[in-house]
Amino acid sequence: MKIISRRNFNSLTAKGLGGAALLSSAPFACAMGANQDKKKLGIALVGLGSYSTYQLAPALQDTQYCYLAGIVTGTPEKEKIWADKYGIPEKNIYNYQNFDDIANNEDIDVVYVVLPNSMHAEFSIRAAKAGKHVICEKPMGISVEECTAIIEACNEAGVKLGMGYRLHSEPYTQQVKEYVKEKTFGDILFVSADAAYRSTGNPDQWRLNKEMSGGGALMNMGVYAVQSTIYGTGENPISVAAQEFSTRPDYFKDTDETITAQFKFPSGAVGNITTSHNFNANAMYASGTSGWFRLQPANNYGPLSGETSNGDTIKFPHESQQKLQMDDFARHVLFDEPNKAPGEMGKRDMMIVEAIYRSIANGGETIALDFEPGYGFGG
Ligand code: NAD
């Protein structure tokens with residue numbers, strides 16, 4: 001059994017994946033462009049819920065190219081708590097009403113939108129209009145139309161846009177992409193992906209309210225499974241057919257509980273996803289003409305884990321995915337390095353999500369998808 005070692009990891013990172021640690025002593029001057037005088041980008045988190053509190057803010061204490069400079073919250077009690085905890089000056093604290101004043105704040109370079117899904121478009125567009133680079137959480141919005149509006153607003157304002165797709169910055173997902181690109185296991189013929197958890201909490205939470213979430217399991221966890229089939233084959237799908245299952249209609253009154261969907265890819269590969277708010281599942285598996293690989297778990301905060309038909313264990317040192325992701329985006333802004341999760345990736349996923357819902361509404365009809373090759377792929 002071969003374990004992928006620190007040495008392999010370094011060679012992967014040197015190729016551009018999450019290489020922040022490797023660059024720690026590199027001089028900043030090399031390729032700085034417009035942000036030449038910036039040592040670290042100031043990030044403002046919009047929405048101080050669970051993800052900001054327990055993942056993003058702690059990760060921002062370890063990032064190398066960005067730091068927590070400001071907050072935007074609709075809950076006045078959180079202002080002092082966050083200011084005290086993270087040393088945030090009062091002038092960098094905003095609420096949803098005065099948020100647009102952030103345009104005049106030179107401490108803030110990037111606005112990171114971490115609100116319920118239905119608020120992503122409004123705050124991403126307001127941030128772009130304020131001249132700030134934008135990171136938008138997944139799903140990008142609650143419709144393709146919203147995704148297009150965010151992309152257009154960022155283009156018009158001349159600011160960069162990244163998605164909060166943390167997996168594109170972590171090494172296991174990079175390893176999968178490398179297997180596919182190098183055809184380590186031949187041509188991929190089949191890929192399956194599961195992304196699900198059991199929801200039993202407050203039935204009034206926004207995730208179960210379609211107006212705020214845009215949908216249920218598919219909008220929440222489903223995008224990870226869709227993504228796994230895409231980087232697991234290296235292709236965007238050409239069609240999808242989908243089914244919905246409901247066993248707890250009293251709890252899931254408004255949003256989808258469990259969805260399965262089958263994809264076809266241009267090469268002839270086929271794929272299957274399962275996503276649910278009713279059970280736990282977290283895996284991806286790909287089978288090629290000369291072997292297979294799997295990750296399980298494949299999409300949680302890590303450490304992830306994997307193995308291959310060669311008997312290899314896929315193993316990398318664990319680092320915060322959020323730290324790697326935000327540093328990758330900062331390097332994109334500062335040094336013009338590739339955008340690992342561009343806005344088009346979020347829009348592509350929403351086009352697939354809408355096709356899945358359309359298929360279900362039409363009794364499982366196969367819906368054709370027509371993407372330019374590589375549309376939405378990150379760098
Ligand atoms: P959360 O419910 O914990 O936090 C939501 C925040 O939005 C809270 O601070 C709440 O006060 C605020 N808010 C403002 N207006 C609101 C309203 N009308 N109703 C409800 N809340 C309102 O949610 P979260 O888990 O932090 O998720 C926020 C976003 O981040 C979602 O889009 C989610 O999909 C995304 N997310 C991404 C990941 C990831 O791994 N990339 C993980 C978790 C969440």
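Nothing here was measured: the structure is a model prediction, and the numbers come from that model. (Residues numbered from 1 in each chain as written. Predicted model: local features only at pLDDT ≥ 70, side-chain atom pairs only at ≥ 80, totals over all residues. Heavy atoms only, no water.)

## Quick notes on the pattern of salt bridges
Here the structure, examined in full by the defined rule, presents 12 salt bridges. We note a salt bridge from aspartate 100 to arginine 126, for which the minimum N-O separation is 2.8 Å. Placement of aspartate 100 in the loop between strand E3 (93–94) and strand E4 (110–113) and of arginine 126 in helix H4 (residues 120–129) is noted, with a sequence separation of 26 residues between them. With relative accessibility at 17%, the residue arginine 126 sits in the buried group. Arginine 126 is the partner of glutamate 122 in a salt bridge, and the nearest nitrogen-oxygen pair spans 2.6 Å. On the criterion of helical spacing, the pair formed by glutamate 122 and arginine 126 is a turn pair, its members being four residues apart in helix H4. (Salt bridge = Lys/Arg side-chain N within 4 Å of Asp/Glu carboxyl O. Helix = DSSP H or I, 4+ residues; strand = E, 2+ residues; numbered from the N terminus. Buried < 20%, exposed > 50% of the residue type's maximum accessible area, 1.4 Å probe, protein only.)

## Some points on the environment of valine 353
As for its placement among the helices and strands, valine 353 is situated in helix H10 (residues 343–361). Under the relative-accessibility criterion, valine 353 is labelled buried at 1%. Along the sequence, valine 353 and valine 240 sit 113 residues apart, while their C-alpha atoms lie 9.8 Å from each other. Here valine 353 is in contact with Leu218, Met219 and Val223, once residues within four sequence places are set aside. (Contact = heavy atoms within 4.5 Å.)

## Points about the site of the ligand
Near the ligand you find 21 residues, and of these Ser50, Asn117, Lys138, Arg166 and Trp206 are the closest. In this structure, an oxygen atom belonging to the ligand sits 3.4 Å away from a main-chain N or O atom of leucine 48. Note that an oxygen atom of the ligand is positioned 3.1 Å from one of the backbone N or O atoms of leucine 115. Residues that form the shell around the ligand fall into these classes: 11 nonpolar, five polar and five charged. (Near = heavy atom within 4 Å. Polar contact = N/O pair within 3.5 Å; in protein donor to acceptor, adjacent residues only side chain to side chain. Nonpolar A, V, L, I, M, F, W, Y, C, P; charged D, E, K, R; others polar.)

## So, the confidence of the model for the chain
When the pLDDT values of the chain are averaged, the result is 92; 90% of them are 70 or greater. Contacts for the low-pLDDT stretch residues 1–33, under 50 throughout, to residues beyond four places or in other chains number 59 contacts. (pLDDT = per-residue confidence, 0-100.)

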